[in-house]
2 protein chains.
Amino acid sequence: MTIKKRNPVAVQDAIKKVIDVVENESIMTLNIEDSLNYILAENVIATYDIPRFNKSPYDGFAIRSEDSNGANGDNRIFFKVVDHIGAGTTSDVKLGKCEAVRIMTGAQIPEGADAVVMFEQTTEEQQGFKIRKQFVHGENIAFKGEECKENEIVLNKGQMINSGVIAVLATFGYTKVSVYQRPTVAVIATGSELLAPDEPLQPGKIRNSNGPMIQALCQELNIKSTTYNIQEDNLQGCINIVEEALSNHDIVITTGGVSVGDYDYLPKVYDEINAEVLFNKVQMRPGSVTTVAYKENKLLFGLSGNPSACYSGFHLFTKPAILKMMNANEIYPPIVEAILEDDFKKANPFTRFIRAKITFSEQGMYATPAGFNKSNAVVAIAKSNGMIILPSGTRGYSKGDTVKVILTDHQSYERVLNL
Amino acid sequence: MTIKKRNPVAVQDAIKKVIDVVENESIMTLNIEDSLNYILAENVIATYDIPRFNKSPYDGFAIRSEDSNGANGDNRIFFKVVDHIGAGTTSDVKLGKCEAVRIMTGAQIPEGADAVVMFEQTTEEQQGFKIRKQFVHGENIAFKGEECKENEIVLNKGQMINSGVIAVLATFGYTKVSVYQRPTVAVIATGSELLAPDEPLQPGKIRNSNGPMIQALCQELNIKSTTYNIQEDNLQGCINIVEEALSNHDIVITTGGVSVGDYDYLPKVYDEINAEVLFNKVQMRPGSVTTVAYKENKLLFGLSGNPSACYSGFHLFTKPAILKMMNANEIYPPIVEAILEDDFKKANPFTRFIRAKITFSEQGMYATPAGFNKSNAVVAIAKSNGMIILPSGTRGYSKGDTVKVILTDHQSYERVLNL
């Protein structure tokens, strides 16, 4: 029986160790319709002013504002309509005194006009309309370049491509966009106790839930991972499968085999393949034996075989690393403050992460444990959308205390309609 | 010139009108690895207890706790190791007095044992170990059924399938899952001023950014939409394309053509195809002319042609409707409170929605306008991750005031690592 002494590092330091060792400058070009959630690898430059021309934001009439001088309820001024512009057409008319052009939303303001009268602001007359108020220069006009100017950098590289970015690219006529490549990920569940979900149960065995869970966690980051077969506890088998996975992927995630048990072969595997272990003990519960190793700009995540520990380890270490390797600007877990809805009287020698249900309300955010919360719990993960953080060296949290929480699942907050 | 009087409805009432008219009970079966982000159409039942058996949460030795009675630093008690259990194997040994079984994390506790001594709590001896503390019944044991019991409903239908749900399904041996079908969506950008992103510019014309933007907004909801060609302002053409789209989809989203202009044909289209208009004016800016119509459990969204108005309309009306038609539990926009970082002195006769950048900090959430914010703005959408709500009938908001905001993009919050 040999227990190698491990040196536990603080969670925050461990996260930094992971993201500090990797980078990715590999770029590829995508059609804009395939680019959602990738990271911009280039600044986006305006190819023309927006608006491209002075345009009408309303349906109405383009006029010369000076012709409206003195208009009021007692002095209605008549304008003669001399042309008509729908969106997408233009008019060559140059307005004369008290002349107007009927104009539709989005259409180009004709020469000479400097204000738009909305339909609602007119009374109809033969061949024209009357107004009862004075208009000022520029009233109801969207000016050329008021949003942005040609050659301006409108979006910076490093931004994640959202629907608005796609709208901007389309506006400026970009049909292709440069993005950073995403890392490739392999998932290997290890453990002789593991059965595939479709295998019949056997004494002492359990089904592999970590593999499918990590595949889904990667999918949430828009990464299609490669899932290897379950690897039994066999040193040479582990070495072979990890080496093969590492030769074909940027990230290899294993679950299980990182503790101090007789069949915990991952520490030995990192040794045999000459990977540098960044840490093999973290000041956290669950998942203190989470191990991350590094080799040639590739990362090996040795996550716990316990589902809750595995899940926490992914959110704390793997997700920031994937985002860093995607070259995203924002890579850290989103952390907010919430009000505890339960007591946690126990001491926290290591930082405790508790799968929790976070709710938004007008009074703020609330956090309540998502269920049975031991390291091996699985149902609580499914019911959680965040993790309560109880820092190491603390104790005695009570209902009503404010704590930090990591938001993990943004789709499941309970919410009411109350604008 | 005819202006039909429209009756503006409150935003909240408009949202309710939309979600009240649709439902979807269509179910399909998926492999669990394809089910992420679908909605559970059945409760998930535990097919056995979790844990399945009393198990060791640590690497160590299983003992009978009674044999440790009286152990302390001055009275170390010796245990003889009589068997060895790795995870996935079991032992037939029945423990006798001061006998122990070496046991690995996750393995089944052997008969007679009722506590586990961790490696770190022992000193090694010939053929066994000594301990210096007393163990109580159940110490360091994960008990059969302590998380959940066979036949218990562990997850309820209506929940969105996240990575944890997939782990639960795998654990219980479910390889397939019943989910609600997602609605099918057609996108039609209308307007004679619109050019495709790859077309050369022409006077008075602009590129279609709404079509690609809505396609991306659907994709964020995991819905692959059908994008039709740009439809010019032509009544019969509009009728034909909307009818065709409606015959093949549950939702038809058009952009443009809903205002009071001479070529705004959508009101006429709804009339011609006998769709019931739920509302054609909303007490909101931008996008007051947003129109939603209904026909035979299908919805027609007439969104504004102005990008910011179109984007807001999608988040306020289309997204909740899509989630309702997916049968999600949580369908409303996530609304939180944030502190304004800018003044908004103007009156808000209608509720104003301002594309905004929301930041989390330990002091709370902050909201600042994402840029130029008129209805036709497009760059500000890309820079936003939320919308500030200034309710109708208010005025004079100042920096530092607390306002409600809708969260729209959960990936782009600026965040620091501060556990």
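Residues numbered from 1 in each chain as written. Chains lettered and ligands numbered in written order. Predicted model: local features only at pLDDT ≥ 70, side-chain atom pairs only at ≥ 80, totals over all residues. Heavy atoms only, no water.

**Points about the pattern of salt bridges**
Move 1: If you walk through the whole model with that rule in mind, you get twelve salt bridges over all chains.
Move 2: Residue Arg102(B) is joined to Asp262(A) by a salt bridge in which the shortest nitrogen-to-oxygen separation is 2.5 Å. Separated into two different chains, Arg102(B) in strand β5 (residues 99-103) and Asp262(A) in the loop between β15 (251-255) and α5 (266-272) make up a pair that spans both.
Move 3: With relative accessibility at 25%, the residue Asp262(A) sits in the partly exposed group.
Move 4: With its nearest N and O atoms 3.1 Å apart, the salt bridge here joins Lys374(A) to Glu146(B). One end of the pair, Lys374(A), is in the loop between β23 (364-369) and α7 (379-383); the other, Glu146(B), is in the loop between β8 (128-131) and β9 (153-155), on a second chain.
Move 5: For Glu146(B), a relative accessible area of 24% corresponds to the partly exposed category. (Salt bridge = Lys/Arg side-chain N within 4 Å of Asp/Glu carboxyl O. Helix = DSSP H or I, 4+ residues; strand = E, 2+ residues; numbered from the N terminus. Buried < 20%, exposed > 50% of the residue type's maximum accessible area, 1.4 Å probe, protein only.)

**Section: the domain arrangement of chain A**
Residues and elements named next belong to chain A.
Move 1: In terms of domains, chain A is made up of domain 1 (11-26 + 182-325), domain 2 (29-47 + 156-180), domain 3 (60-131) and domain 4 (335-407).
Move 2: Taking the mean C-alpha position of each, domain 1 and domain 2 sit 32 Å from one another.
Move 3: Carbon and sulfur atoms make up 44% of the surface buried where domain 1 meets domain 2, a total of about 490 Å² over both sides.
Move 4: Where domain 1 meets domain 2, there are zero salt bridges.
Move 5: Of the residues contributing to the side of domain 1 that touches domain 2, the split by class is one nonpolar, three polar and two charged. (Domains from an automatic or database assignment. Buried area = accessible area lost by both parts, 1.4 Å probe. Nonpolar A, V, L, I, M, F, W, Y, C, P; charged D, E, K, R; others polar.)

**So, the sheet that holds strand β18 (residues 291-295) of chain A**
All names here are of chain A.
Move 1: Taken in spatial order, the six strands line up as β14-β11-β15-β19-β18-β16 in an open sheet, and their pairing is mixed. Strands at the two margins of the open sheet, each flanked by one partner only, are β14 (226-227) and β16 (276-279).
Move 2: With respect to the sheet, helix α1 (residues 11-21) is in contact with β16, β18 and β19 (298-303), its orientation differing from that of β16 by roughly 145°. (Pairing = 2+ DSSP bridges. Contact = heavy atoms within 4.5 Å. Axes fitted to C-alpha atoms, helices over the stretch in contact; angles between N-to-C directions.)

**Some remarks on the UniProt feature "domain: MoaB/Mog" (unreviewed entry) in chain A**
Move 1: UniProt's entry tags residues 186-324 of chain A with the feature "domain: MoaB/Mog" (unreviewed entry), counted in the numbering of this structure.
Move 2: A helix fraction of 36% and a strand fraction of 23% characterise residues 186-324 of chain A, whose end C-alpha atoms lie 17 Å from each other. (UniProt positions renumbered as here; feature names shortened; annotations may be inferred.)

**Let's talk about the packing of helix α2 (residues 163-171) of chain A against helix α3 (residues 210-220) of chain B**
Move 1: Running from N to C, α2(A) and α3(B) point in directions that differ by 160°, and their axes come no closer than 8 Å. The angle between α2(A) and α3(B) places the two elements in the roughly antiparallel class. When you trace α2(A) past α3(B), the crossing you get is right-handed. Residues Ser163(A), Ile166(A), Ala167(A) and Ala170(A) of α2(A) pack against Pro212(B), Met213(B), Ala216(B), Leu217(B) and Glu220(B) of α3(B).
Move 2: Classifying every residue of the contact of α2(A) with α3(B) by side-chain character gives seven nonpolar, one polar and one charged. (Parallel < 35°, antiparallel > 145°, perpendicular 65-115°, else oblique. Left-handed = near helix turned anticlockwise from the far one by under 90°.)

**Focus on the relation of the copies chain A and chain B**
Superposition of the two copies of the chain requires a rotation about an axis and a shift along the axis.
Move 1: Aligned on chain B, chain A shows an RMSD of 0.0 Å; the corresponding rotation is 180° and the shift along the axis is 0.0 Å. On this basis, the relationship between the two copies can be described by a two-fold rotation axis. Within chain A, the C-alpha atom positioned nearest to the axis of rotation is that of His410(A), 3.4 Å from it.
Move 2: The residues that chain A uses at the interface reappear at the interface of chain B in 100% of cases, marking a shared surface. (Least-squares fit on C-alpha atoms with pLDDT ≥ 70 in both.)

**Side note on the interface of chain A and chain B**
Move 1: Of the residues lining the interface, 118 residues belong to chain A; the matching set on chain B comes to 118 residues.
Move 2: Counting every contact that joins chain A to chain B gives four salt bridges.
Move 3: Viewed at the interface, chain B and chain A are joined by 34 residue pairs in polar contact (both at pLDDT 80 or more).
Move 4: If one sorts the elements of the side of chain A that touches chain B by residue count, α2(A) sits on top with eight residues.
Move 5: Class assignment of the residues belonging to the side of chain A that touches chain B gives a composition of 60 nonpolar, 32 polar and 26 charged. (Polar contact = N/O pair within 3.5 Å; in protein donor to acceptor, adjacent residues only side chain to side chain.)

**Topic: the side chain of Ser209(B)**
Move 1: Note that Ser209(B) resides in the loop between β13 (206-207) and α3.
Move 2: The residues touching Ser209(B), leaving out its near neighbours within four places in the chain, are Ala167(A), Ala170(A), Thr171(A), Pro307(B) and Val378(B).

**What about the pairing of β8(B)?**
All names here are of chain B.
Move 1: As paired elements, strand β4 (residues 77-85) and β8 share four bridges and run antiparallel to each other. The residue bridging Phe 78 from the neighbouring strand is Lys 130, located in β8.
Move 2: Pairing between strand β7 (residues 122-125) and β8: four bridges, direction antiparallel. Considered in β8, the bridge of Thr 122 is made with Ile 131.
Move 3: Counting the residues in the hairpin turn of β7 and β8 gives two residues, including Gln 127, whose phi is positive at 60°.

**Brief notes about the sheet that holds strand β18 (residues 291-295) of chain B**
Residue and element names in this part refer to chain B.
Move 1: Strand order in the open sheet formed by six strands is β14-β11-β15-β19-β18-β16, and the pairing between neighbours is mixed. Strands at the two margins of the open sheet, each flanked by one partner only, are β14 (226-227) and β16 (276-279).
Move 2: Both strand β15 (residues 251-255) and strand β19 (residues 298-303) contribute to a ladder of five bridges, which runs parallel. Bridge pairing in β19 places Ile 251 opposite Leu 299.
Move 3: In the packing of α3 onto the sheet, contacts are made with β11 (185-189), β14, β15 and β19, and the angle to β15 comes to roughly 145°.

**Topic: helix α1 (residues 11-21) of chain B**
All names here are of chain B.
Move 1: All of the buried residues in α1 are Val 11, Ala 14, Ile 15, Val 18 and Ile 19. Burial along α1 is one-sided: seen end-on, the buried residues are contained in an arc of 125°.
Move 2: Where α1 is buried, its residues meet β16, β17 (284-285), β18, β19, α6 (307-325) and β22 (351-361). (Arc of directions from axis to C-beta.)

**Some words on the side chain of Arg355(B)**
Residues and elements named next belong to chain B.
Move 1: Relative to the helices and strands, Arg 355 is located in strand β22.
Move 2: At 2.7 Å, the side chain of Arg 355 and the backbone oxygen of Phe 353 are in polar contact.
Move 3: Among all residues touching Arg 355, those that are not within four sequence positions of it are Pro 286, Ser 308, Tyr 311, Ser 312, Pro 369, Ala 370, Asn 373, Ala 380, Ile 381, Ser 384, Gly 386 and Met 387.

**Topic: the state of the cysteines**
In protein chemistry, a disulfide is the covalent bond that joins the sulfur atoms of two cysteines.
Move 1: Taken as a whole and assessed by the stated rule, the structure comprises zero disulfides over all chains.
Move 2: No disulfide involves Cys148(A); its sulfur sits 18 Å from that of Cys310(B), the nearest cysteine.
Move 3: Left without a disulfide partner, Cys238(B) is nearest to the cysteine sulfur of Cys310(B), which lies 15 Å away. (Disulfide = S-S within 2.5 Å.)

**Concerning the packing of aromatic side chains**
Move 1: Under the definition given, this model contains ten aromatic pairs over all chains.
Move 2: Plain terms: the ring middles of Phe79(A) and Phe129(A) are 5.6 Å apart, the flat faces sit at 10° to each other, and that makes the pair stacked. You can see Phe79(A) sitting in strand β4 (residues 77-85) and its partner Phe129(A) sitting in strand β8 (residues 128-131), a full 50 residues away along the chain.
Move 3: The exposure class assigned to Phe129(A) is buried, which follows from its relative accessible area of 0%.
Move 4: Judged by centre distance (5.4 Å) and plane angle (50°), the ring pair of Phe279(B) and Phe317(B) falls under tilted. One end of the pair, Phe279(B), is in strand β16; the other, Phe317(B), is in helix α6, with 38 residues separating them in the sequence.
Move 5: The rings of Phe61(A), Phe79(A), Phe119(A) and Phe129(A) are connected pair by pair, giving a single aromatic cluster.
Move 6: Between Lys133(A) and the ring centre of Phe135(A), over which it is positioned, the NZ or CZ distance is 4.1 Å. (Phe/Tyr/Trp six-rings, centres within 6.5 Å; stacked < 30°, edge-to-face > 60°. Lys NZ or Arg CZ within 6 Å of the ring centre and 35° of its normal.)

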